[in-house]
Amino acid sequence: MSFQCPRCNSRNIAYLRTVMKVGATVGAVGGAARGASTAFAGSQIGATVGALAGPLGITIGRVSGAILGGLVGGVGGCALGAQLGERLDRHVLANNLCLVCGHRFNLPT
Ligand SMILES: [Zn+2]
């Protein structure tokens, strides 16, 4: 990062990740919800593949497909939410803190 304090030109800048954390959490929840539909598709595929191995294979395939789908959705949503949160923190909420003069500022967009 090559930005600096607009008041004292110090490059000693801290970044407060308040919204980024919230964004990551919300994104993870939203992603998991979206992943639920993926999980459903995953369980369908898993059941189809598992059917080759008999009734037990159907159950195992269904469960593992659902877990995988939910996991993928959750991770993707978390990354997306964190990205969005970081943008809000840096450019909107003045969460960049100068460690020299204590000035809080937004990054230029
Ligand atoms: Zn400063």
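On a predicted model such as this, the values are computed, not experimentally measured, just so you know.

1. A short note on the coordination of the zinc ion
Distances from the zinc ion to its protein donors, C5 (SG), C8 (SG), C98 (SG) and C101 (SG), fall at 2.3 Å. For the zinc ion, the 4 donor atoms are set out with angles of 106 to 114 degrees between them, so the coordination reads as tetrahedral. Counting gaps between the donor residues of the zinc ion yields the pattern C-x2-C-x89-C-x2-C. Here the residue C8 occupies a position in the segment before β1 (13–15), and C101 occupies one in the loop between β2 (96–98) and β3 (104–105), the gap between them amounting to 93 residues. Residue classification places C8 among the partly exposed residues on the basis of a relative accessible area of 33%.

2. Remarks on a nonpolar patch on the surface
Side chains of I45, V49 and L52 sit close together on the surface and give an oily, nonpolar patch of about 360 Å² of accessible area. Within the secondary structure, I45 is located in helix α1 (residues 18–50).

3. Describing the side chain of S43
Its place among the elements puts S43 in helix α1. Given a relative accessible area of 6%, S43 falls into the buried group. Not counting residues up to four positions away in its chain, the partners in contact with S43 are R62, G65 and A66.

4. Digging into unusual backbone geometry
In this model, N9 sits at a positive phi of 65 degrees, which is unusual for a non-glycine residue. Here N9 is to be found in the segment before β1.

5. Regarding helix α2 (residues 55–91)
Here α2 spans 55 Å end to end across 37 residues, near enough to the 54 Å set by a 1.5 Å rise per residue. Of the surrounding elements, those touching the buried residues of α2 are β1, α1 and β2.

Conventions adopted
- Position numbers for residues start from 1 in each chain and track the written sequence from start to end.
- Note on the predicted model: pLDDT of at least 70 is required for a residue's local features to be given, and 80 or more for side-chain atom pairs to be given and counted; whole-chain, interface and lining totals, by contrast, use all residues.
- To obtain the side-chain values, all non-hydrogen atoms of the structure were used and water was disregarded.
- Only nitrogen, oxygen and sulfur atoms count as donors, using a 2.8 Å cut-off from the metal that widens to 3.2 Å for Na, K and Ca. Water is left out, so coordination shells may look unfilled.
- Square planar and octahedral sites, with four and six donors, are those where opposite donors lie more than 155 degrees apart and all other angles lie between 65 and 115, tetrahedral sites have four donors with every angle between 85 and 135 degrees, and the rest are irregular.
- Numbering of helices and strands starts at the N terminus; helices are DSSP runs of H or I of at least 4 residues and strands are runs of E of at least 2.
- Residue burial is assigned from relative accessible area. The probe radius is 1.4 Å, only protein chains are included, and a residue is buried under 20% of its type maximum, exposed over 50%, and partly exposed in between.
- Each patch is built from residues that are more than 30% exposed by relative accessible area and take part in no salt bridge. Like charges join if they lie within 9 Å; nonpolar side chains (Val, Leu, Ile, Met, Phe, Trp, Tyr) join within 5 Å.
- Accessible surface is estimated by sampling points in the Shrake-Rupley manner with a 1.4 Å probe; for residues, cover comes only from the protein chains shown.
- Only one rule defines a salt bridge in this text: a Lys or Arg side-chain nitrogen within 4 Å of an Asp or Glu carboxyl oxygen.
- Pairs of residues are marked as contacts when any of their non-hydrogen atoms sit within 4.5 Å.
- Multiplying one less than the number of residues by 1.5 Å gives the expected span of a helix.

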